[in-house]
Amino acid sequence: MAMADGSTSRLANRPTPPSAARDAMLGKLKMTDKQKYSAQETIQAKLLFFPEGTRGNGDKLLPFKKGCFHVAVESQAFIQPVVISKYHFLKSKAKIFNRGQNIIKILPEVSCAGLSKDDIPALMERVQKMMQREYEQLSEESLSINNISEVH
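Below is a short write-up of the structure. This is a predicted model, so every value here is computed, not measured.

**A few points about the packing of aromatic side chains**
Okay, so step 1: Under the counting rule described, the total for this entry stands at one aromatic pair.
Okay, so step 2: Arranged with centres 6.0 Å apart and planes meeting at 20°, the rings of Phe64 and Phe69 form a pair that is stacked. Across this residue pair, the class does not change: Phe64 and Phe69 are buried.

**Some words on the pattern of salt bridges**
Okay, so step 1: If you walk through the whole model with that rule in mind, you get four salt bridges.
Okay, so step 2: Note that Glu136 and Lys60 form a salt bridge whose closest N and O atoms lie 3.4 Å from each other. Of this pair, Glu136 sits in helix H4 (residues 120-145) while Lys60 sits in the loop between helix H2 (33-43) and helix H3 (67-75), and the two are 76 residues apart along the sequence.
Okay, so step 3: Taking relative accessible area as the criterion, Glu136 reaches 39% and is therefore assigned partly exposed.
Okay, so step 4: A relative accessible area of 54% means that Lys60 is categorised as exposed.

**A short note on the packing of H3 against H4**
Okay, so step 1: Axis separation between H3 and H4 bottoms out at 10 Å; the angle between their running directions is 115°. What the angle tells us is that H3 and H4 run roughly perpendicular. Crossing of H3 against H4: the hand is right-handed. Facing Phe69, His70 and Val73 of H3, the residues of H4 in contact are Ile120, Leu123, Met124 and Val127.
Okay, so step 2: Grouping the amino acids of the contact of H3 with H4 by side-chain chemistry returns six nonpolar, one polar and no charged.

**Points about H3**
Okay, so step 1: Cys68, Phe69, Val71, Ala72, Val73 and Ser75 are the residues of H3 that are buried.
Okay, so step 2: Remark: Gln76 follows H3 within two positions and exhibits a positive phi of approximately 55°.

Basis of the calculations
- Residues numbered from 1 in each chain as written.
- Predicted model: local features only at pLDDT ≥ 70, side-chain atom pairs only at ≥ 80, totals over all residues.
- Heavy atoms only, no water.
- Phe/Tyr/Trp six-rings, centres within 6.5 Å; stacked < 30°, edge-to-face > 60°.
- Buried < 20%, exposed > 50% of the residue type's maximum accessible area, 1.4 Å probe, protein only.
- Salt bridge = Lys/Arg side-chain N within 4 Å of Asp/Glu carboxyl O.
- Helix = DSSP H or I, 4+ residues; strand = E, 2+ residues; numbered from the N terminus.
- Axes fitted to C-alpha atoms, helices over the stretch in contact; angles between N-to-C directions.
- Parallel < 35°, antiparallel > 145°, perpendicular 65-115°, else oblique.
- Left-handed = near helix turned anticlockwise from the far one by under 90°.
- Contact = heavy atoms within 4.5 Å.
- Nonpolar A, V, L, I, M, F, W, Y, C, P; charged D, E, K, R; others polar.

Right, dumping it as structure tokens:
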């Protein structure tokens, strides 16, 4: 960003957080729905969210946070679930991170077309159940890949 004295603002070189960029581009602007849709198509931004908010170490996924689902429904976007198998080779309590492999699977897209805020709880439940089933299968498969007979 050029300043009056010809220097450059240091803030201009910093990346804009996705939520701030989205709000600035679409949410905060006074636009009709048609204009917002056109802007979304032009921008074609892809946002990556971790719905659990943090990494879990159990056999179950942590409860999902609502924020990313609000963004998906508001923008009428697709949700692209990605599941990573359990870190069987990570012993958190002992602070040991052994060598190992994970399995990553990209699940089918979930459309948010036509959904409203009222649909968010059901959408969250549907996506979490889909991801939990896959998480359990991938985690079981990763035991054999890592030659682990029992879970630590």
